[in-house]
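What follows is each chain in one-letter form.
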Number of protein chains: 2
Amino acid sequence: MNSSIKDLLDELKNKNIRLSHQRLKVLEYLILNHCHPTADQIYNALHKDVPTLSKTTVYNTLNALVKANIVRPLNIENAETRYDINTFDHGHFKCESCGDVVDFSINLDALKANDLNNYEITDKNVYFKGICPKCLQI
Amino acid sequence: MNSSIKDLLDELKNKNIRLSHQRLKVLEYLILNHCHPTADQIYNALHKDVPTLSKTTVYNTLNALVKANIVRPLNIENAETRYDINTFDHGHFKCESCGDVVDFSINLDALKANDLNNYEITDKNVYFKGICPKCLQI
DNA sequence: AATTAAATTGTAATCATTACAACTTAGAAT
DNA sequence: ATTCTAAGTTGTAATGATTACAATTTAATT
């Protein structure tokens, strides 16, 4: 379901994205953490291991990966862009209590919009909000 | 399909939102312009007629209307919250060429997520991106 | 090893939104 | 109608995410 790291590296090479130490670290973090982190979360997590890392580089890398279609930006909430490396069709659920964002599977092809017959649709997004089971128990 | 202005006024009264001149102007603008404007667009449009209007008031009004469930905020793009007064079930399409956002009808009840059986879902959002017919012709 | 275009970094700028405190007003009570 | 008070308005300043930029460093090719 998820691409192997090697596949990703090949994809990056094809798209002429240089594999710097910093970029590999950001990629590794996204692969290991499917929690839809913000740029800030990524920066804070990596800064311990890579003290020279700058936040600009995190943004730069994320923008490059988005342009290369390797990660998707999520704009569920204003002023907090999250990043997702999962490429299979899925929706997102955000818990309004704890703030966690989780994936759920959904058939986007089945989502038809008759009003948009003459429109060229390149991107479909679905997100739900509510309360997750963990927070419902409390 | 759209509430009459009188219905809205009643709803506002019920929710203890005072009907100041400024707020009525913002409401009127949203009712007359279903183009999903940003706070800035609303401010610029109204500033001619109401020179004393401040941008803070526009934000304040929009936040009050959102809290009262009279308008919905759209976060399709990062750093640009748009506002929508249409309350019927619908999705949004954003043209990546001209930037326009249009509504389209969609049955949100039919959108099932089996992965979220134990989740309480309070809000469903669907937005598509692509190119609108006008821009396809050019 | 030399070259060069691309990546990295820190700082400063930008832009949407919010915080705040002084002033004004809507709507209720008298 | 007048008074009262909580809520709304305003301008300015603060915040916080993201980008611009210019100097330095590096990846990968010649």
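Residues numbered from 1 in each chain as written. Chains lettered and ligands numbered in written order. Predicted model: local features only at pLDDT ≥ 70, side-chain atom pairs only at ≥ 80, totals over all residues. Heavy atoms only, no water.

Engineer: Can you walk me through the overall build of chain A in this structure?
Structural biologist: Looking only at helices and strands, one finds five helices and five strands in chain A. Reading chain A from its N end, one meets helices and strands in the order α-α-α-α-β-β-β-β-β-α. Based on the C-alpha atoms only, the size of chain A along its principal axes is roughly 50 × 45 × 30 Å. With 138 residues in all, chain A has 40% of them scored as buried. Long-range pairs, those at least 24 residues apart, make up 47% of the contacts in chain A between residues at least 6 apart in sequence. As displayed, chain A has an accessible area near 7700 Å², and 47% of this comes from carbon and sulfur atoms. (Helix = DSSP H or I, 4+ residues; strand = E, 2+ residues; numbered from the N terminus. Buried < 20%, exposed > 50% of the residue type's maximum accessible area, 1.4 Å probe, protein only. Contact = heavy atoms within 4.5 Å. Areas by Shrake-Rupley, 256 points an atom, 1.4 Å probe, with all protein chains shown as cover.)

Engineer: Hey, could you run me through the environment of Thr81 of chain B in this one?
Structural biologist: With respect to the secondary-structure elements, Thr81 of chain B resides in strand β2 (residues 80-84). Overall, Thr81 of chain B belongs to the buried group, its relative accessible area being 17%. Each C-alpha atom, one on Thr81 of chain B and one on Asp40 of chain B, is 9.7 Å from the other, the two residues being 41 residues apart in sequence. Sequence-distant contacts of Thr81 of chain B, that is, excluding residues within four places in its chain, are made with Asn78 of chain A together with Pro37, Thr38, Ala39, Pro73, Leu74 and Asn75 of chain B. At 2.8 Å, the side chain of Thr81 of chain B and the side chain of Asn78 of chain A are in polar contact. Polar side-chain contacts of Thr81 of chain B include one of 3.3 Å to the side chain of Asn75 of chain B. (Polar contact = N/O pair within 3.5 Å; in protein donor to acceptor, adjacent residues only side chain to side chain.)

Engineer: Can you help me understand the pairing of strand β1 (residues 72-77) of chain B in this one?
Structural biologist: Here is the key point about a regular strand: its side chains alternate between the two faces of the sheet. Residue and element names in this part refer to chain B. As defined by bridge partners, β1 adjoins β2 across four bridges and the pair is classed as antiparallel. Bridge pairing in β2 links Glu77 to Glu80. Between the end of β1 and the start of β2, which pair antiparallel, lie two residues, with Ala79 showing a positive phi angle near 60 degrees. (Pairing = 2+ DSSP bridges.)

Engineer: What is the right way to read the relation of the copies chain B and chain A from this model?
Structural biologist: Each copy of the chain is related to the other by a rotation around an axis and a translation along that axis. For the pair chain B and chain A, the superposition axis carries a translation of 0.0 Å, the fit reaches an RMSD of 0.1 Å, and the rotation angle comes to 180 degrees. Accordingly, the operation relating the two chain copies is best matched by a two-fold axis. The position closest to the rotation axis in chain B is occupied by the C-alpha of Val126 of chain B, lying 2.3 Å away. Taken together, the interface assignments show that 100% of the residues at the interface of chain B recur at the interface of chain A, consistent with an identical surface on both copies. (Least-squares fit on C-alpha atoms with pLDDT ≥ 70 in both.)

Engineer: Could you clarify how one ought to interpret the sheet that holds strand β4 (residues 101-105) of chain B in this entry?
Structural biologist: Each strand in a sheet pairs with another by means of backbone hydrogen bonds, the pair being arranged parallel or else antiparallel. Here six strands make up an open sheet; going across it, the order is β4(A)-β3(A)-β5(A)-β5(B)-β3(B)-β4(B) and the pairing mixed. Because the sheet does not close on itself, it has two edges, and the strands there are β4 (101-105) of chain A together with β4 of chain B. Strand after strand, the sheet turns through a mean of 30 degrees between neighbouring axes, direction not considered. In terms of strand pairing, strand β3 (residues 90-95) of chain A meets strand β5 (residues 120-131) of chain A through four bridges, oriented parallel. When the sheet's bridge partners are listed, Lys94 of chain A is paired in β5 of chain A with Lys129 of chain A. (Axes fitted to C-alpha atoms, helices over the stretch in contact; angles between N-to-C directions.)

Engineer: How should the domain arrangement of chain A be read in this particular structure?
Structural biologist: Note: interface size is frequently given as the accessible area lost on complex formation between the parts. Residues and elements named next belong to chain A. On domain assignment, one finds that chain A holds domain 1 (5-84) and domain 2 (90-137). Inter-centroid distance (C-alpha atoms) of domain 1 to domain 2 is 22 Å. Each partner contributes to the interface: domain 1 provides nine residues, whereas domain 2 provides 12 residues. Approximately 850 Å² of surface area, both sides summed, lies buried where domain 1 meets domain 2, with 45% of it carried by carbon and sulfur atoms. Together, His36, Arg72 and Ile76 form the three largest contributors to the area buried by domain 1 at its contact with domain 2, with a combined 56%. Where domain 1 touches domain 2, the interface holds four salt bridges. Ionic pairing is found between Lys94 and Glu80, a salt bridge with its closest N-O pair at 2.8 Å. (Domains from an automatic or database assignment. Buried area = accessible area lost by both parts, 1.4 Å probe. Salt bridge = Lys/Arg side-chain N within 4 Å of Asp/Glu carboxyl O.)

Engineer: Looking at this model, I keep getting lost on the protein's contact with DNA strand D. Mind explaining?
Structural biologist: The full set close to DNA strand D counts 18 residues, and Tyr59 of chain A together with Ser20, Arg23, Thr52 and Thr57 of chain B are the nearest of them. Counting only atoms of DNA strand D within 4 Å of the protein, the fraction found in sugar and phosphate groups is 76%. Between DNA strand D and Thr52 of chain B, the relevant distance is 2.8 Å, taken from a phosphate oxygen to a main-chain nitrogen or oxygen of the residue. Between DNA strand D and Thr56 of chain B there is a distance of 3.4 Å, counted from a base oxygen to a side-chain nitrogen or oxygen. Of all the elements in the fold, those that place two or more residues in the surface near DNA strand D are α4 (55-67) of chain A together with α2 (21-32) and α4 (55-67) of chain B. A class-by-class count of the residues in the surface near DNA strand D yields four nonpolar, 11 polar and three charged. (Near = heavy atom within 4 Å. Nonpolar A, V, L, I, M, F, W, Y, C, P; charged D, E, K, R; others polar.)

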